[in-house]
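Commentary on secondary and tertiary structure
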Amino acid sequence: MSVAGSFRLTRGSFVLEAELKLPERGVTALFGRSGSGKTTLLRCLAGLERSEGWLTVNGQRWQAPDHVLPVHRRPLGYVFQEASLFPHLRVRDNLRYGYRRVEPSRRRVDFDETVKLLGLEALLERHPQALSGGQRQRVAIARALLASPRLLLMDEPMASLDATSKAEILPYLERLHAYLEIPVVYVSHALDEVTRLADHMVLLEAGQVLAAGPLHELLVRSDLPLSHADNAAAVLETRVEGYDADRQLVALTCGAGRLWVSREAASPGKRLRLSIRASDVVISLTPPQDASVLNCLPAQVAEISDDPHPGHLLVRLAVAEQMLLSRIPREASQRLALHPGQQVYAQLRGKALS
Ligand SMILES: Nc1ncnc2c1ncn2[C@@H]1O[C@H](COP(=O)(O)OP(=O)(O)OP(=O)(O)O)[C@@H](O)[C@H]1O
C-alpha cells in the first residue's frame, strides 16, 4: 500500500475517526452523505487540518505523533470545488506556475503532454475569466498535475458545474484515470459520478469508515446503503469485441455473454466499464423472445433482500464472475418463485446501456 494513515479529530460535536489504506494507483472515492466528513478527511491527508494520527505516502512519513510534514512540503495536488486560478495570468502562465515550482530533475510529467491530456491547447492564451466553469476546472487539474504530485486530492471538482459542463469534463477525468500512475482521492456524494470514475471506495458515515474496498464489491453489498439508494447501480467490466457498422453498435464481452451498445467504434480489446442501474435490470426465467430486447445475460440469483421501496425487492445476480443488482416488484418475485441459486436471465433495458 503506498498511502496508509489513521486520523482522529474533533470539531464541535463532530468526531472523525478514520483509518485509510489506499491502493498504489487508481481512483479512490471518499463517499458519504453531506456532513459525513469527506472534506475533513481529505484535508487531513493534505495536512490542512490538525489531527491526531499518522500518515505514510510512498514510504515517506507525512505525519506521525512526533512529526508533521508541513503542507507546502507535501508533494500533492489539490483540486477544489471551484478552480482557484490566478485571474491576472493567462492559462499558460497559470500552468507554468505549478510546473516551475518543481526542480527539473524531479519533474515526473511533461508540460505539453498534460496540456493535451486535458484538451487545453486552444485555451493557453486566454485569461480565466474567458473560460467556462468546466474549462477552468480542467486548467486547475492540469496545474495540480504539473507540480508532479505523488498524491492527487480532488474535492468534488464538479460540484459547482452545471449538467452541460459536467458532461464535458467527465471524459477528461476518465482519460486521467487511465493515464495517472499515482493514487487519486476523489470526494463525491454523487453515486453516478463515482461509478464512472472510481476503482475503490471509502464509505463514510458520521465521521467513521463504514466500509472500504473495491468499488464493484461495495456497490452491490446489501448490508450497505449504496445498494438501497434510488440510483443504486453495479459496474460491469467489459472488453470491446468488435463493431457492427451497419447497426452502429459496439459488441462487448463480459464473461457471461455478449452485449451490444450504441457507441462510437472502439478498438477491440479495449476495456469499457458499464454502470448498470438496479432499476434497469429485469429478471426472466427464459431467454426473452421479444425481438426488441437486445441485451440479455444468463445469471444466477445470489441473494434476495428487502428494498426501502415498499413493494419491491433487491436481487443480487451473479453474472459469471461479476454481480448485477435488480430491483423488482415483490409480486414479480413471487410469480417467478425466485430463490437463491436459481438460474435466470438478466435483461438490460435499452437505457441501461445508453
Ligand atoms: N470548524 C468546525 N466546527 C464545528 N464543526 C465543524 C467544523 N468543521 C467541520 N465541522 C463539521 O464536521 C462535519 C463534517 O464536515 P465535512 O465538510 O467534512 O463533511 P462532508 O462529508 O465533506 O460534507 P459535504 O458533502 O456537505 O461537503 C460536519 O458536520 C461539519 O458541520
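Scroll up to find the structure this text is about.
Description of the structure in this document.

About the criteria used
Residues numbered from 1 in each chain as written. Predicted model: local features only at pLDDT ≥ 70, side-chain atom pairs only at ≥ 80, totals over all residues. Near = placed C-beta within 6 Å. Helix = DSSP H or I, 4+ residues; strand = E, 2+ residues; numbered from the N terminus. Nonpolar A, V, L, I, M, F, W, Y, C, P; charged D, E, K, R; others polar. Pairing = 2+ DSSP bridges. Axes fitted to C-alpha atoms, helices over the stretch in contact; angles between N-to-C directions. Expected span 1.5 Å × (residues − 1). Bend = angle between axes of the 7 residues up to and from the residue. Buried ≥ 20, exposed ≤ 12 C-beta atoms within 10 Å, placed from the backbone. Contact = placed C-beta atoms within 7 Å. Core = buried A, V, L, I, M, F, W, Y, C linked by C-beta atoms within 7 Å.

1. Points about the site of the ligand
Inspection of the region around the ligand gives Arg 11, Gly 12, Phe 14, Gly 32, Ser 34, Gly 35, Ser 36, Gly 37, Lys 38, Thr 39, Thr 40 and His 189 as its neighbouring residues. Per element, the largest residue contribution to the shell around the ligand is three residues, and it comes from helix 1 (residues 38–46). Class assignment of the residues belonging to the shell around the ligand gives a composition of one nonpolar, nine polar and two charged.

2. So, the sheet that holds strand 16 (residues 281–284)
Pairing in this open sheet of five strands is antiparallel, and the strands run 16-20-17-18-19 from one edge to the other. The open sheet is flanked by strand 16 and strand 19 (322–329), the only strands paired with a single partner. Averaged over all pairs of adjacent strands, the angle between their axes in this sheet comes to 45°, without regard to strand direction. In this sheet, strand 20 (residues 343–348) lies alongside strand 17 (residues 295–306) in antiparallel orientation, the contact comprising six bridges. Residue pairing across strands places Asn 295 opposite Leu 348, the latter belonging to strand 20.

3. With respect to helix 5 (residues 163–179)
A rise of 1.5 Å per residue sets the reference length of helix 5, with its 17 residues, at 24 Å; its end C-alpha atoms lie 25 Å apart and thus fit the reference within 8%. Taken as a whole, helix 5 carries its principal kink of about 25° at Ile 169; the proline Pro 171 stands between one and four residues after it. Of all the residues in helix 5, the buried ones are Ile 169, Leu 173 and Leu 176. In this fold, the buried residues of helix 5 make contact with helix 3 (111–117), helix 4 (133–146) and helix 6 (191–197).

4. Considerations on the nonpolar core
Counting 89 residues, the largest nonpolar core has Ala 234 and Leu 324 as the members making the most contacts within it. With seven residues, the single largest contributor to this core is helix 4. Among residues more than four places away in sequence, those in contact with Leu 324 are Ala 234, Leu 236, Ile 276, Val 281, Ala 299, Leu 317, Val 319 and Ala 346.

5. Here's the deal with unusual backbone geometry
Positive phi is not limited to glycine here, since Ser 148 has a value of about 50°. Within the secondary structure, Ser 148 sits in the loop between helix 4 and strand 8 (151–155). With a phi angle near 45°, Ala 206 is a residue other than glycine that sits in the positive phi range. Inspection of the secondary structure assignment puts Ala 206 in the loop between strand 10 (200–205) and strand 11 (208–214). According to the C-beta neighbour criterion, Ala 206 is partly exposed, with 14 such atoms within 10 Å.

6. Re the environment of Tyr 97
Within the fold, Tyr 97 resides in helix 2 (residues 91–100). Residues Tyr 97 and Arg 143 lie 46 residues apart in sequence; the distance between their C-alpha atoms is 7.7 Å. Apart from the residues lying within four places of it in its own chain, the contact partners of Tyr 97 are Phe 86 and Arg 143.

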